[in-house]
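Structure at a glance
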Amino acid sequence: MSVDGVGAPSTIATVSSCDTGRSIQFMFAKLQLEQSNICKTQAEAYMNKIEAAQKEQKECADMIAKARDLQQQAKNAGKDKCTEMPKEMVDYFNKNGLKFDTAGSDNLHTSDEWDYNIKSLTNYQETLGSYTQTDMVYLQDFMSQYNSFLQGANSAIQDSNDTLMSILRG
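All residue numbers here refer to positions counted from 1 along the written sequence of the relevant chain. Selection of residues for local features in this predicted model requires a pLDDT of at least 70, selection of side-chain atom pairs for listing and counting requires 80 or more, and totals for whole chains, interfaces and linings are taken over all residues. Side-chain measures were taken over the full set of non-hydrogen atoms in the model, leaving aside hydrogen atoms and water.

A short note on the environment of Asn-123
- For helices the rule is a DSSP run of H or I covering at least 4 residues; for strands it is a run of E covering at least 2, with both sets numbered from the N terminus onward. Relative to the helices and strands, Asn-123 resides in helix α3 (residues 111–169).
- Only protein chains enter the accessibility calculation, which uses a 1.4 Å probe; a residue is then buried when its area is under 20% of its type maximum, exposed when over 50%, and partly exposed in between. With a relative accessible area of 46%, Asn-123 lands in the partly exposed category.
- Considering only alpha carbons, one finds Asn-123 and Leu-98, 25 residues apart in sequence, at a separation of 9.5 Å.

Right, here's the structure in full:
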């Protein structure tokens, strides 16, 4: 089973693997624990995905700051003056499939051309933020399921203990 590209274990041990010599509560508790482990694994995968997205958001924010600096330099140089887009910025745009101004078939940009480049970066940053928020919702869901399954396992174990105590008391 895979959720939005996040791989996770997809099987639960069969009931026969749950030591059938034990009580039904024990089998249920073991099944609940296995379910909680699946949710935990999926939650961990989403945490890693969110961490990577946040690093990407920071890198994008750094590119926006550089682009704004270059735009200001072009503006300060005078009307229709240009500043050059650094190679690492060109590579960043290309790596992420972002559009940037290609007027003149060079990497020189006027202040107005930098507006276009900055809008492209800003849109990308907003998209990253949106994906991150969605992934955080999924993460919260898996954490909630994890807690629910653990609570179910603990309840089953407690019920089993209560039953055993009742039998021992007579």
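Having seen it, we continue.
Some thoughts on helix α2 (residues 87–95)
- Within the sequence span of α2, burial applies to Met-89, Val-90, Tyr-92 and Phe-93. Down the axis of α2, the buried side of the element spans an arc of 160°, and every buried residue falls inside it. Facing away from the buried side of α2 by over 90 degrees, the exposed positions are Lys-87 and Lys-95.
- Contacts between residues were defined by any pair of non-hydrogen atoms, one from each residue, lying within 4.5 Å. Buried residues belonging to α2 abut α1 (24–77) and α3.
- Count one or two residues on from α2 and you reach Gly-97, which has phi positive near 65°. By definition, the arc is the one covered by directions from the helix axis to the C-beta atoms.

Topic: the confidence of the model for the protein chain
- Summing up the model confidence of the protein chain, the mean pLDDT is 86 and the portion of residues at 70 or higher is 87%.
- The predictor rates its confidence in each residue with pLDDT, a number between 0 and 100. Per-residue pLDDT, averaged within each element of the protein chain, yields its smallest value for strand β1 (residues 2–3) (42) and its largest for α2 (96).
- Throughout residues 1–5 the model reports pLDDT below 50, and contacts reaching past four residues in sequence, or to other chains, amount to 10 contacts.
- Note on residues 12–20: pLDDT is under 50 here. Beyond four places in sequence and across chains, it has 16 contacts.

Here's the deal with the packing of α2 against α3
- For every element, the axis is a line fit to its C-alpha atoms; helices are fit only across the contacting stretch, and the angle between N-to-C directions ranges from 0 to 180 degrees. Two elements in contact, α2 and α3, have axes whose closest approach is 12 Å; the angle formed by their N-to-C orientations is 50°. The angle between α2 and α3 places the two elements in the oblique class. Of the two possible hands of crossing, α2 and α3 adopt the one that is left-handed. Contact with α2, carried on its side by Met-89, Tyr-92 and Phe-93, involves Trp-114, Asn-117, Ser-120, Leu-121 and Tyr-124 of α3 and no other residues of that element.
- Polar here means any residue other than Ala, Val, Leu, Ile, Met, Phe, Trp, Tyr, Cys and Pro, which are nonpolar, and Asp, Glu, Lys and Arg, which are charged; Gly is therefore polar. Residue classes in the contact of α2 with α3 are distributed as six nonpolar, two polar and no charged. An angle below 35 degrees is read as roughly parallel, one above 145 as roughly antiparallel, one from 65 to 115 as roughly perpendicular, and any other as oblique. Each crossing is labelled by how the near helix is turned from the far one, with a counterclockwise turn of less than a right angle marking it left-handed and a clockwise turn marking it right-handed.

Focus on the nonpolar core
- Membership of the largest hydrophobic core comes to 18 residues, with the highest contact counts inside it found for Cys-60, Met-85, Met-89, Tyr-92, Phe-93, Trp-114 and Leu-121.
- Of all elements in the fold, only α1, α2 and α3 reach the threshold of two or more residues within this core.
- The element best represented in this core is α1, accounting for six residues.
- Not counting residues up to four positions away in its chain, the partners in contact with Tyr-92 are Glu-56, Glu-59, Cys-60, Met-63, Leu-98, Leu-121 and Tyr-124.
- Listed in part, the seven residues of the second largest apolar core include Cys-39, Tyr-46, Leu-139 and Phe-142. The set of buried Ala, Val, Leu, Ile, Met, Phe, Trp, Tyr and Cys residues whose side-chain atoms join them within 4.5 Å is what this entry labels a nonpolar core.

Considerations on the side chain of Ser-120
- Note that Ser-120 resides in helix α3.
- Other than its neighbours up to four places away in sequence, Ser-120 contacts Phe-93, Leu-98 and Lys-99.

A word on unusual backbone geometry
- Despite not being glycine, Asp-80 has its phi angle at roughly 60°, a positive value.
- Within the secondary structure, Asp-80 sits in the loop between α1 and β3 (83–84).

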